[in-house]
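Remarks on the overall topology
Spelled out from the first residue to the last, the chains are:
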Amino acid sequence: MQLTVWTYEGPPHVGAMRVATGMKGLHYVLHAPQGDTYADLLFTMIERRGERPPVTYTTFQARDLGTDTAELFQSSARDAYERFKPQAMIVGASCTAELIQDDPAGMALTMGLPCPIIALDLPSYSHKENWGAAETFYQIVRQLADKARTAPARDGRRLRANLLGPTALGFRHRDDIVEVRRLLSDLGIDVHVCAPMGSTPADIAGLGEADFNVVLYPEIAHEAARWLEKNFGQKFTKTIPIGVNATREFIAEVCAIADIAVPADPDAGRMPWWSRSVDSTYLTGKRVFIFGDATHAVAAARIASEELGFQVVGLGCYNREFARDIRNAAAKYGVEPLITDDYLAVEEAIAAANCELVLGTQMERHIAKRLRLPCAVISAPVHVQDFPARHSPQMGFEGANVIFDTWVHPLVMGLEEHLLTMFRDDFEFSDANGPSHLGPGAAPIVASHPDQEVPATGSALSEMSDAKAEEPASGSAGAGQAEASGWSADATRELMKIPFFVRNKAKRNTERYAAEKGVTAIGVETLYEAKAHYAR
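Summarised in this report is the structure supplied together with it. Note that the structure is a prediction, hence the values are computed from the model and not measured. (Residues numbered from 1 in each chain as written. Predicted model: local features only at pLDDT ≥ 70, side-chain atom pairs only at ≥ 80, totals over all residues. Heavy atoms only, no water.)

**Topic: the side chain of Glu 253**
Secondary-structure assignment places Glu 253 in helix α9 (residues 244-258). Here Glu 253 sits buried without a salt bridge, and the closest side chain of opposite charge, Lys 238, lies 5.1 Å off (N-O distance). (Helix = DSSP H or I, 4+ residues; strand = E, 2+ residues; numbered from the N terminus. Buried < 20%, exposed > 50% of the residue type's maximum accessible area, 1.4 Å probe, protein only. Lys, Arg positive; Asp, Glu negative; His and termini not counted. Salt bridge = Lys/Arg side-chain N within 4 Å of Asp/Glu carboxyl O.)

This is the structure:
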């Protein structure tokens, strides 16, 4: 484990909580000290759920360590069953409780509680949240699925599929389920069980009665799907329907598994139309940096490259279990894969990429804001604003429309911001005067524009001076060369006229040019000389 301000994944018991919270009739008894109950906030505050997660904590304190904490766990487990009467219980320890080695899983199995007990062994110091969710779901399926219940003969009935992978606290999982159900229904296929989200232990027992499985999130469901294939002969899908092209391939894959005809003209959404329009041309070739969980990052890279005409200049993920998928995708786009859970390394890579759009998690949103770059969130971890009340899927054709809006609007609205910045000195738009639409005598705008909060010394503009310039030489950028000490007021104003989405790139190139030429104070002339130099 690593102590850090931010983290992409919590410990594995949080992953187990995601599975338990998504299900009904399942209760999680967690051996944990008082402080580890913070995890409740992830679901009640961030996901805005109407009820608390189905978790009972032993919540032992420091004074309890001198007594029998094992007995404390057993009492908590008995009380939890008597209070909630669950169909099944999962038991385990948090990362802190793991250190006292009480073995809650082993104790629970010997207590004789009148419901199935699923013991979890989630080593917190070698694995993380997504692995914990995957292992928990795998153990639930492995222990509860009834091998005597298999799919009946077709005999003209509609086909049935299980949806595997959606959990609580997942990125748009609730809405993705709706879209994939719609896709399957249009193909004449019913959803038998959706798990973990929305299912009960009784539903898990009947998973084998479906004809095949649809894996929506491999990080959660891949191991369970493999076990079901081995024990029930159920094939499972490999294509994740995020984006227009991937959704079409998903439909074709489902039809191949189900042995039905592929529809001639599936709904294509609006993205293909827009991608062929004149309006899309000004975004063609935009440089985009992508980071998140492997499933969403790989899908985003494909959409950016194939459907929006962007140039992928960075691609990475934080879940090392899927590093191979990222490496394969990165090779396709000719970029170096970034496999890390260190957000500082991600920030450095974004700054060095000279990108014009960032697609990532809530952490990349913070990073992009600091670098003054447009950003859209594509993956967990996310914050409360990424659990909208409206229907906002990522999968299917409607998901492609949502992605189109989410990615393109920051760039489009950025042009409006740039125009206001360009005409900031005009009498109608000057902050020293009142808004023009309010007529003469309107009160002036006190707060200055964010891009004008830059002193003549260029101190604010230099906040990214440690970032590498475009195409840096080996070692640190400008190593052994003089560092430009600052920008003149005229040069700063001229720099602010450059569109925000290429401004950092122009700034870095100018500072690199000035360092190479030994210029210590950058003026307007240096800015234009650098522009001419790099235009050749």
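So, next bit.
**Thoughts on the environment of Phe 250**
Looking at where Phe 250 falls in the secondary structure, it is placed in helix α9. Linking Phe 250 and Thr 239, residues 11 residues apart in sequence, is a C-alpha distance of 5.4 Å. Beyond its immediate sequence surroundings of up to four residues, Phe 250 is in contact with Val 180, Leu 183, Val 214, Thr 237, Thr 239 and Pro 241. (Contact = heavy atoms within 4.5 Å.)

**Section: the packing of aromatic side chains**
Inspection of the entire model under this criterion finds 4 aromatic pairs. Ring centres of Trp 227 and Phe 232 lie 6.1 Å apart, and the angle between their planes is 65°; on these two criteria the pair is classed as edge-to-face. We classify Trp 227 as buried; its relative accessible area is 10%. Note on Phe 232: relative accessible area 15%, which makes it buried. Arranged with centres 6.4 Å apart and planes meeting at 50°, the rings of Phe 291 and Tyr 318 form a pair that is tilted. Linking Phe 291 in strand β9 (residues 287-292) with Tyr 318 in the loop between β10 (311-317) and α12 (323-333), this pair joins segments that are 27 residues apart in sequence. Judged by its relative accessible area of 0%, Phe 291 is buried. Taken together, the aromatic side chains of Tyr 8, Phe 291 and Tyr 318 make up a single cluster linked through ring pairs. A cation over an aromatic ring shows up here: Lys 238 above the ring of Phe 236, its NZ or CZ 4.1 Å from the ring centre. (Phe/Tyr/Trp six-rings, centres within 6.5 Å; stacked < 30°, edge-to-face > 60°. Lys NZ or Arg CZ within 6 Å of the ring centre and 35° of its normal.)

**Details of α9**
Since the α-helix advances by 3.6 residues per turn, residues separated by three or four positions end up pointing in the same direction. Over its 15 residues, α9 runs 21 Å from end to end, which matches the ideal 21 Å to within 8%, given 1.5 Å per residue. For α9, every residue scored as buried is listed here: Val 244, Ala 246, Thr 247, Phe 250, Ile 251, Glu 253, Val 254, Cys 255 and Ala 258. Immediately beyond the C-terminal end of α9, within one or two residues, lies Asp 259, with a positive phi of roughly 60°. (Expected span 1.5 Å × (residues − 1).)

**Quick notes on the pairing of strand β3 (residues 88-93)**
β3 sits mainly inside the fold: 6 of its 6 residues count as buried. Burial along β3 is two-sided: Ala 88, Ile 90 and Gly 92 and Met 89, Val 91 and Ala 93, pointing in opposite directions, are all buried. Judged from the 6 bridges that link them, strand β1 (residues 26-31) and β3 form a sheet pairing that is parallel. In the sheet register, Leu 30 faces β3, and the bridge partner there is Gly 92. (Pairing = 2+ DSSP bridges.)

**Overview of the sheet that holds strand β7 (residues 212-215)**
Within a sheet, each strand pairs with its neighbour through backbone hydrogen bonds, oriented either parallel or antiparallel. Taken in spatial order, the 4 strands line up as β6-β5-β7-β8 in an open sheet, and their pairing is parallel. Of all strands in the sheet, those bounded by a partner on one side alone are β6 (189-195) and β8 (235-236). In the sheet, β7 pairs with β8 via 2 bridges, with the strands oriented parallel. Bridge pairing in β8 places Asn 213 opposite Phe 236.

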